[in-house]
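Observations on the three-dimensional arrangement
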Amino acid sequence: MQEKQLMIGIPTKDHPRYIQFYLSRVLDEAKTYSIDLHILDSSESDLTEHIVRQKIAQGYSNLYYHRYDADLLPEKKIKDILVDSGYEYVWLCGDGAVLYLDNVVPFISKEMEKGRDLIVFNFIDRKERYLEYTDPIKLITEQWMVLTLYGGTIYKGDLFLEEEWNKLFSLYTANVPLGGIFDIFARRPMNVVVVDTEFCINNVYKEGSTWVKSGRFLQAVVDRMPAAVNRLPGLYDPVKEQVARIFSRGKVMLLPSNLWWLRADDNITLKKSFKYRRQIRAATGAKVTDFHYMLLWVISLVPKKTAKKMTNIFWYP
């Protein structure tokens, strides 16, 4: 690849082992292909910075380190990756998804030549090898779940502009990289490709999604994600109800077999079930789930130790 053609941006916080393993697997391949890696770090300690700067000192001129305050919202780091990066394309990638660059770079290069707005890797459905999209309605109904997954999308570097990002943030907040693209595609032509291929492995140190481990599951699934869908432009009105249901039906989302696991990680509590009762009731009432919303209230009363035991019986990842 040419200089400044592709940047991999990795927001991270308090994951030095993640970063050490990530760099050990990806950095040499990235250098071979002239791909730059930017680590955007808001850790409490200096361990991640020490690891990255050691690699830079070893001669990895394609590696860059950026330090942020520990209490900074993650959206700031994401904005710094997607807005005014100076690169033709940017890959927003979590530190838990270790990329197979040898496997995908030839494909990525060809798709860049076609001026894609998004290059998306589908690792859920495995139905079609290669799909091109110019219709935002078709894209949102067929690939919404795929696009919600962190690390599977490469964005054209000028897709988000500073002024536009700020306007979109007021509507979609943390979901700008998702809701924002469909807002943009409602106003101008789009050129997207989705491919089914192995593009990464899970980091061996990854213990689970941060938003799930931190207990923010209900907030995301029944509150923020549907709210983002409902705020999309009028073009999407005929499919908003359908799209709002997709995320909660995902493999590890709001399904009966997952409720014990969610309780074990404090994602289902009596307080949270009460706080989001209207959204949960609307979701279950619309048959987004296969259970009555009151079941969450019942499970929230089960001790977490018991829930963990039930997880081993009923939940299959």
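Above: the structure in question.
Section: the sheet that holds strand β7 (residues 130–133)
- A sheet is described by the order of its strands in space; here eight strands give the open sequence β3-β2-β1-β4-β8-β6-β9-β7, paired in mixed fashion. Looking at the sheet topology across the chains shown, the edges are occupied by β3 (63–67) and β7. Neighbouring strand axes in the sheet, compared pairwise and without regard to direction, differ in orientation by 20° on average.
- Across three bridges, the pairing between strand β6 (residues 118–122) and strand β8 (residues 153–156) is antiparallel. Across the sheet, the residue bridging to valine 120 is threonine 153, located in β8.
- Along the sheet, helix α2 (residues 47–57) contacts β1 (6–12), β2 (36–41) and β3; its crossing angle with β3, the most-contacted strand, is approximately 150°.

Some details on unusual backbone geometry
- The residue serine 34 is not glycine, and still its phi comes out positive at about 60°.
- With respect to the element layout, serine 34 can be found in the loop between α1 (16–32) and β2.
- A relative accessible area of 38% means that serine 34 is categorised as partly exposed.
- At aspartate 266, a position not held by glycine, the phi torsion is positive, near 65°.
- Tracing the sequence through the fold places aspartate 266 in the loop between α11 (259–264) and α12 (270–275).

Let's talk about the pattern of salt bridges
- By the definition in use, this model includes 16 salt bridges.
- For lysine 114, the salt bridge is made with glutamate 111, and the minimal N-O distance between the two is 3.6 Å.
- On the accessibility criterion, lysine 114 (43% relative accessible area) is partly exposed.
- Between arginine 116 and glutamate 132 there is a salt bridge; the shortest N-O distance is 2.6 Å. Of this pair, arginine 116 sits in the loop between α4 (101–113) and β6 while glutamate 132 sits in strand β7, placing them 16 residues apart in sequence.
- For arginine 116, a relative accessible area of 3% puts it in the buried group.
- Beyond isolated ion pairs, a larger network of salt bridges with shared partners links Asp46, Glu49, Arg53 and Arg67.

Some remarks on the packing of helix α6 (residues 162–172) against helix α7 (residues 176–185)
- Here α6 crosses α7 at 115°, and the two axes come no closer than 9 Å. It follows from the interaxial angle that α6 and α7 lie roughly perpendicular. Relative to α7, α6 is oriented so that their crossing is right-handed. Contact with α6, carried on its side by Glu164, Trp165, Leu168, Phe169, Leu171 and Tyr172, involves Val176, Pro177, Gly179, Gly180, Asp183 and Ile184 of α7 and no other residues of that element.
- Partitioned by chemical class, the residues of the contact of α6 with α7 number eight nonpolar, two polar and two charged.

A short note on the packing of α1 against α2
- The geometry of α1 relative to α2 is characterised by a closest axis approach of 8 Å and an angle of 20° between their N-to-C directions. By the angle between their directions, the pair α1 and α2 is classed as roughly parallel. With respect to the hand of their crossing, α1 and α2 are arranged in right-handed fashion. Residue-level inspection shows Pro16, Ile19, Gln20, Leu23 and Leu27 of α1 in contact with α2, the latter providing Leu47, Thr48, Ile51, Val52 and Lys55.

Quick look at helix α9 (residues 217–230)
- The end-to-end C-alpha separation of α9 is 19 Å, in line with the 20 Å expected for 14 residues at 1.5 Å each.
- By the largest-angle criterion, arginine 224 marks the main kink of α9, which is about 30°, and a proline, proline 226, follows within four residues.
- Taking burial as the measure, the 14 residues of α9 include eleven buried ones, the bulk of the element.
- Listing the buried residues of α9 in full gives Phe217, Leu218, Gln219, Ala220, Val221, Val222, Met225, Pro226, Ala227, Ala228 and Val229.

A few points about the nonpolar core
- Ranked by size, the top nonpolar core spans 40 residues in total, and within it Phe160, Phe182 and Phe185 carry the most contacts.
- Looking at this core, the elements that each hand over two or more residues are α3 (74–82), β4 (89–92), β6, α5 (136–148), α6, α7, β9 (192–196) and α9.
- Here this core takes six residues from α7, the largest share from any one element.
- When neighbours within four sequence positions are excluded, phenylalanine 185 is seen to be in contact with Asp117, Leu118, Pro136, Leu139, Leu159, Met190, Val192 and Tyr236.
- Membership of the second largest hydrophobic core comes to 37 residues, among which are Leu63, Trp91, Val104 and Val193.

Analysis parameters
- Residues numbered from 1 in each chain as written.
- Predicted model: local features only at pLDDT ≥ 70, side-chain atom pairs only at ≥ 80, totals over all residues.
- Heavy atoms only, no water.
- Pairing = 2+ DSSP bridges.
- Helix = DSSP H or I, 4+ residues; strand = E, 2+ residues; numbered from the N terminus.
- Axes fitted to C-alpha atoms, helices over the stretch in contact; angles between N-to-C directions.
- Contact = heavy atoms within 4.5 Å.
- Buried < 20%, exposed > 50% of the residue type's maximum accessible area, 1.4 Å probe, protein only.
- Salt bridge = Lys/Arg side-chain N within 4 Å of Asp/Glu carboxyl O.
- Parallel < 35°, antiparallel > 145°, perpendicular 65-115°, else oblique.
- Left-handed = near helix turned anticlockwise from the far one by under 90°.
- Nonpolar A, V, L, I, M, F, W, Y, C, P; charged D, E, K, R; others polar.
- Expected span 1.5 Å × (residues − 1).
- Bend = angle between axes of the 7 residues up to and from the residue.
- Core = buried A, V, L, I, M, F, W, Y, C linked by side-chain atoms within 4.5 Å.

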